[in-house]
Amino acid sequence: MTRRLLAVALPLTLLVGAAWVMAAPGPRATRPANERETVISFVAGGDAMFGRYYPDGRYRAFAHQRPFRKVRHLIAGHDIAMLNLETPISAKAYRKPYRGLTFRAPPRMAKVMRDAGFTVAVTANNHSFDQGNRGALDTLKHLAAAGMGVTGTGRTPTEAWTPYVFQKRGVKVAVLGVSVLRNYPVKQRSAFWTFVHRRKIHEELPRRIAAMRSKYDFFVLSIHFGVEYYHTIGRFDRTLIDKCVKAGVDVLIGHHPHVLRPVIHTGKAVLFFSLG
């Protein structure tokens, strides 16, 4: 397969854009014989949360009706528009506040994200289970009702580990959301997520990626990792990503540090280590 990858950074702190150009059909792409090129556009946003609880139990919603109104023109219209949803979406609070770091967003925010142009939400991060299993299930329900795709959580382990897939003219792009981080031990009963413990992730995550990679033409990994507010990339994280690239990752989208980190083009992949 001959393929070229072009990544273009957008002039916005939390958004990055890319376009894939398939220059010639290959074994993983089935397209009409007279079609030689397919362009798939991609845009990604950083961590998003729309409300939180404080230690004293007070709840505050941060988002107004149109939080993306000034950047909608950068989001809408792309084939894949991804956002790291760092909050459950639920009308109910199922858990008591935990150290002031318990998040929850009202159900209307699912439609707000979709109306802004986002097509897929990454739900694997250290706040996935802030409202327990029921909150995680509510999140899936509200995202589905709004027409949003999901990667990172599911009703079964298999569903959670199944990537979001976009297909255009026979070209398949997989997006898999994964988290290395959690705020507290999670008992997965009716909801599951793609969390991998730090002790196991160097072996387990590349193995999982390699096992599913041949099904897709391009593979995007969205990973929640790193140390907050550090601009540098630690050796542990860089080694992990090098292994994931070797396993078949074409594009890395990093989340969690809340600051921008370097963008690296390895020749085989484009790595955005943190979108902020």
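Residues numbered from 1 in each chain as written. Predicted model: local features only at pLDDT ≥ 70, side-chain atom pairs only at ≥ 80, totals over all residues. Heavy atoms only, no water.

**Details of the sheet that holds strand E7 (residues 102-103)**
Alright, step 1. Pairing is antiparallel in the open sheet, where three strands are placed in the order E5-E4-E7. Two strands lie at the open edges of the sheet, namely strand E5 (59-61) and E7, each paired on one side alone. (Pairing = 2+ DSSP bridges. Helix = DSSP H or I, 4+ residues; strand = E, 2+ residues; numbered from the N terminus.)

**Focus: the sheet that holds strand E17 (residues 270-272)**
Alright, step 1. If you walk across this open sheet you meet the six strands as E11-E12-E14-E15-E17-E16, and the pairing is mixed. Among the strands making up the open sheet, the edge pair consists of strand E11 (164-168) and strand E16 (263-265). Strand-to-strand, the axes of this sheet are offset by a mean angle of 15°, without reference to chain direction.
Alright, step 2. When strand E12 (residues 171-179) meets strand E14 (residues 218-224), the two strands line up parallel, connected through seven bridges. For Val173, the partnering residue across the bridge sits in E14 and is Phe218.
Alright, step 3. Sheet strands in contact with helix H5 (residues 201-213) are E12 and E14, and its direction is about 155° off that of E14.
Alright, step 4. Against the sheet, helix H6 (residues 235-247) engages E14, strand E15 (251-255), E16 and E17, with an angle of about 160° to E14. (Axes fitted to C-alpha atoms, helices over the stretch in contact; angles between N-to-C directions. Contact = heavy atoms within 4.5 Å.)

**Thoughts on the pattern of salt bridges**
Alright, step 1. Tallied over the full model, the rule gives seven salt bridges.
Alright, step 2. Of the charged contacts in the structure, one is a salt bridge between Glu204 and Arg208, with a shortest N-O distance of 3.0 Å. Of the two residues, Glu204 and Arg208 are both situated in helix H5; the distance of four residues between them amounts to about one turn of the helix.
Alright, step 3. Under the relative-accessibility criterion, Glu204 is labelled buried at 17%.
Alright, step 4. Residue Arg208 is classed as partly exposed on the basis of its relative accessible area of 26%.
Alright, step 5. A salt bridge links Asp250 to Arg213; the shortest N-O distance between them is 2.9 Å. In this pair, Asp250 sits in the loop between H6 and E15 while Arg213 sits in helix H5, placing the two residues 37 residues apart along the sequence. (Salt bridge = Lys/Arg side-chain N within 4 Å of Asp/Glu carboxyl O. Buried < 20%, exposed > 50% of the residue type's maximum accessible area, 1.4 Å probe, protein only.)

**So, the environment of His224**
Alright, step 1. For His224, the position within the fold is in strand E14.
Alright, step 2. For the pair His224 and Phe273, spaced 49 residues apart in the sequence, the C-alpha separation amounts to 9.8 Å.
Alright, step 3. Among residues more than four places away in sequence, those in contact with His224 are Asp47, Asn84, Glu86, Ala124, Asn125, Asn126, Val178, Ser179, Val180, Leu181, His255 and His256.

**So, the environment of Ser222**
Alright, step 1. Along the polypeptide, Ser222 turns up in strand E14.
Alright, step 2. Since its relative accessible area comes to 0%, Ser222 is described here as buried.
Alright, step 3. As a C-alpha pair, Ser222 and Thr151 span 71 residues in sequence and 9.2 Å in three-dimensional space.
Alright, step 4. Residues in contact with Ser222, not counting those within four places in the same chain, are Met82, Val122, Leu176, Gly177, Val178, Ile253 and His255.

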